[in-house]
Amino acid sequence: MKNKYKGINIILAMSILCCSVGLVSAQAGQTGVGTRNPKGALHVDGAKDNDATAPTAPTATQAANDVIVDKTTGFIGVGVSAPTVPLDMRSTVNTDNALGIGTTTMTAVAAAAGAVRYDEVNVPVGAKIEVSDGSVWNKLYIAPQKAVVVARKISTKAIGTAATTIDDWSEVYDLSNSFTPATGVFTAPRAGTYTFLLTFNLVNTVIADATRVESQFYKTSGTPAILARVYKTFGQSMTGIANDANASKQTQAGGSSTVTLTLAQGDTVVPRLLHNLTGGSINLRVTSDASDPANPDAGFNNLTIIEH
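Our subject in this report is the structure included herewith.

### Quick look at the nonpolar core
- Of all hydrophobic cores here, the largest spans 30 residues; its most connected members are F186 and F196.
- Elements represented by at least two residues in this core include exactly β10 (148–152), β16 (192–201), β17 (211–219), β18 (225–234), β19 (254–263), β20 (268–275) and β22 (302–307).
- With four residues, the top contributor of residues to this core is β16.

Now the structure itself:
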């Protein structure tokens, strides 16, 4: 005789088996998968490690492998037991909280405003995240930390008739970690436009007539080249001859140079100085007490770099 209750009996047997081994548990309108201690409308315990602390809520480590649907809000927590937004993946234990987004061929109109996609093929070509405004897909722009460098020279440097790299700076600011004070090398963090401002001051000396100090901004990467030159010209010091009423007077040569350069990512640039004021070298004028900003020799030699 055929058992008309066979199908019902099988379902009941399976339900009892699942509950007995902890695969599925239902209590008070909450369903647990892999746990007898569900804490949401649906609670999946991937590692089946929550029962050890039942009936209390799972610890952060236990919840790290769980998926929970909050029974009040319907919010989904992945790795978190109390989601506070519709999809909450902010586990404090997991190090793999990345959200994977795929691409779509849907138009922005069809996807509707607020939709997000990953795209590589549409203009501009390349990997990017795009957001629909309901009409078009717009590239999501994340503003980078712009390069801002401020450095001052508090150790002297002999400047001669050949170009000398100004190194051994004292760094004040470097917001993008793009400047190496010891070598004076600035590395462009990205392709763009950068403004360099170099101020310099040399110690007192008698200089020749119609002479100059030349500032150079020199690219050291790729094919080395002088990207820009700036000249500061000077007249003759009083040298003690009859035309100078037999008097002599030293001159303190100084000036500033400002250039704006277009650089590729990774380009390296250093500031350099040279002069023909005399036939030899002249030291930069620096402070005798770097800790005292009021020292009259402080602040003469500075470098500022700003990314536009």
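### Section: the pairing of strand β3 (residues 42–45)
- The alternating pattern of β3 places H43 and D45 on a buried face, while none of L42 and V44, on the opposite face, is buried.
- Bridge count between strand β2 (residues 30–33) and β3: three bridges; the pairing is parallel. If you follow G32 over to β3, its bridge partner there is H43.
- One ladder, built from four bridges, connects β3 with strand β4 (residues 66–69); its direction is antiparallel.

### A short note on the sheet that holds strand β8 (residues 128–132)
- If you walk across this open sheet you meet the three strands as β7-β8-β9, and the pairing is antiparallel. Because the sheet does not close on itself, it has two edges, and the strands there are β7 (116–119) and β9 (137–139). Each strand of the sheet is rotated relative to its neighbour by a mean of 35°, with strand direction disregarded.
- Here β8 runs beside β9; their pairing, made up of three bridges, is antiparallel.

### What about a nonpolar patch on the surface?
- A grouping of V67, I76, V78, L87, L99, I101 and V116 is seen on the molecular surface, where their side chains present a nonpolar patch of about 520 Å² in accessible area.
- What makes V67 partly exposed here is its relative accessible area of 33%.

### Brief notes about the sheet that holds β19
- A sheet is described by the order of its strands in space; here five strands give the open sequence β13-β10-β22-β16-β19, paired in antiparallel fashion. Edge strands, defined here as strands with exactly one partner in the open sheet, are β13 (170–174) and β19. Averaged over all pairs of adjacent strands, the angle between their axes in this sheet comes to 10°, without regard to strand direction.
- Here six bridges tie β16 to β22, and the two strands are oriented antiparallel to one another. Across the sheet, residue L197 finds its bridge partner in β22, namely T304.

### Considering the pairing of β7
- Here β7 shows a clear split, with R117 and D119 buried on one side and none of V116 and Y118 buried on the other.
- Relative to β8, β7 runs antiparallel, the two being bridged by four bridges. Each residue of the ladder has a partner; that of Y118, found in β8, is I129.

### Examining the environment of V172
- Assignment of secondary structure puts V172 in strand β13.
- Separated by 20 residues in sequence, V172 and R152 place their C-alpha atoms 7.3 Å apart.
- Filtering out sequence-adjacent residues up to four positions away, V172 remains in contact with V150, A151 and R152.

### Concerning the side chain of T268
- One can find T268 in strand β20.
- For T268, the side chain forms a polar contact with the side chain of T220, separated by 2.6 Å.
- If we ignore the near neighbours within four places in the chain, the residues touching T268 are V185, F186, T187, Y218, K219, T220 and S221.

### Some details on empty space enclosed by the protein
- Taken as a whole and assessed by the stated rule, the structure comprises two cavities of 30 Å³ or more.
- Estimated volume of the second largest cavity: approximately 30 Å³.
- Around the second largest cavity, the lining residues are K153, I166, W169, L198, T199, F200, L273, L284 and N301.
- Of the residues forming the lining of the second largest cavity, the biggest block, three residues, is contributed by β16.

Conventions we followed
Residues numbered from 1 in each chain as written. Predicted model: local features only at pLDDT ≥ 70, side-chain atom pairs only at ≥ 80, totals over all residues. Heavy atoms only, no water. Core = buried A, V, L, I, M, F, W, Y, C linked by side-chain atoms within 4.5 Å. Buried < 20%, exposed > 50% of the residue type's maximum accessible area, 1.4 Å probe, protein only. Helix = DSSP H or I, 4+ residues; strand = E, 2+ residues; numbered from the N terminus. Pairing = 2+ DSSP bridges. Axes fitted to C-alpha atoms, helices over the stretch in contact; angles between N-to-C directions. Patch = residues over 30% accessible without salt bridge, like charges linked within 9 Å, V, L, I, M, F, W, Y side chains within 5 Å. Areas by Shrake-Rupley, 256 points an atom, 1.4 Å probe, with all protein chains shown as cover. Salt bridge = Lys/Arg side-chain N within 4 Å of Asp/Glu carboxyl O. Contact = heavy atoms within 4.5 Å. Polar contact = N/O pair within 3.5 Å; in protein donor to acceptor, adjacent residues only side chain to side chain. 1 Å grid on protein atoms, 1.4 Å probe; cavity = no way out; pocket = protein on both sides within 12 Å on 5 of 7 lines; lining within 4 Å. Points joined across faces, edges and corners; volume = space filled by probe spheres on them.

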